[in-house]
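Architecture and fold: a report
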Amino acid sequence: MRTNHEIDYKILGGEMQCVEIELDPNETVMGEPGSFMMMENGIDMQTIFGDGSNQQGGLLNKLFSAGKRMLVGENLFMTAYTNIGQGKKRVTFAAPYPGKILPMDLSQLGGTVICQKDAFLCAAKGVSIGIEFQKKLGTGLFGGEGFIMEKLEVL
């Protein structure tokens, strides 16, 4: 059973891409601070502590979630964009540097993806952003990515 929101999106542009997300009423997308580009009226922005995957947990869970994000070089806070209006609304995100935006459906990739730091742009509510430790000494030292990687997973 799917626990995260399922969002519709469209990737626009060539070298400087952005992703336009279409939200149904009461649907939420989580964005990395600094990635927001524009939104339509009827979308509520709310800054949250941690990654938004487990907001019902206590303060200790939120601190642990935020701490994991800090270890991989991400911000302690994220922004939740929720469609509180009638009908579909759009919000757009862009990376702060040139590159390609790659959409990934975590349910088709085994539920988890390990990526480099700063790879995350935005995700449907319910995706957890955590850490993954590189276990091989040579890879951690000489691989260029370090020992701490970013782990995106559907809970």
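Quick note: structure is the one above.
In this report, the structure presented in the accompanying data block is examined. All of these numbers come straight from a predicted model, not from anything done at the bench.

So, about the side chain of Ser35. On the secondary structure map, Ser35 appears in the loop between strand 3 (28-31) and strand 4 (36-39). Of the residues examined, Ser35 reaches a relative accessible area of 4% and is grouped as buried. A polar contact is formed between the side chain of Ser35 and the backbone oxygen of Glu32, at a distance of 2.6 Å. When neighbours within four sequence positions are excluded, Ser35 is seen to be in contact with Thr92, Phe93, Ala94 and Leu121.

What follows covers the pairing of strand 6 (residues 77-83). Most of strand 6 is tucked away, with six of its seven residues classed as buried. As paired elements, strand 3 and strand 6 share four bridges and run antiparallel to each other. Note on strand 6: the bridge partner recorded for Gly31 is Thr79. Direction of pairing for strand 5 (residues 43-49) relative to strand 6: antiparallel, over a ladder of seven bridges. Its bridge partner being in strand 6, Phe49 is matched across the sheet by Phe77.

Cut-offs applied
Per chain, residues are indexed from 1 in the order of the written sequence. Thresholds applied to this predicted model are a pLDDT of at least 70 for local features of residues and 80 or more for the giving and counting of side-chain atom pairs; totals over whole chains, interfaces and linings are not thresholded and use all residues. As a convention, hydrogens and water are excluded, and side-chain values are obtained from all of the structure's heavy atoms. Under the DSSP-based scheme used, a helix requires at least four consecutive residues in state H or I and a strand at least two consecutive residues in state E, with every element numbered from the N terminus. Per-residue accessibility, obtained with a 1.4 Å probe over protein chains only, is compared with the maximum for each type, and a residue is labelled buried under 20%, exposed over 50%, and partly exposed between these values. In protein, a polar contact requires one atom able to donate a hydrogen and another able to accept it; more generally it is a pair of N or O atoms within 3.5 Å, and residues adjacent in sequence count only if both atoms are side-chain atoms. Contacts are assigned to residue pairs with any non-hydrogen atoms lying within 4.5 Å of each other. Strands are treated as partners if at least two bridges between them are detected by DSSP.

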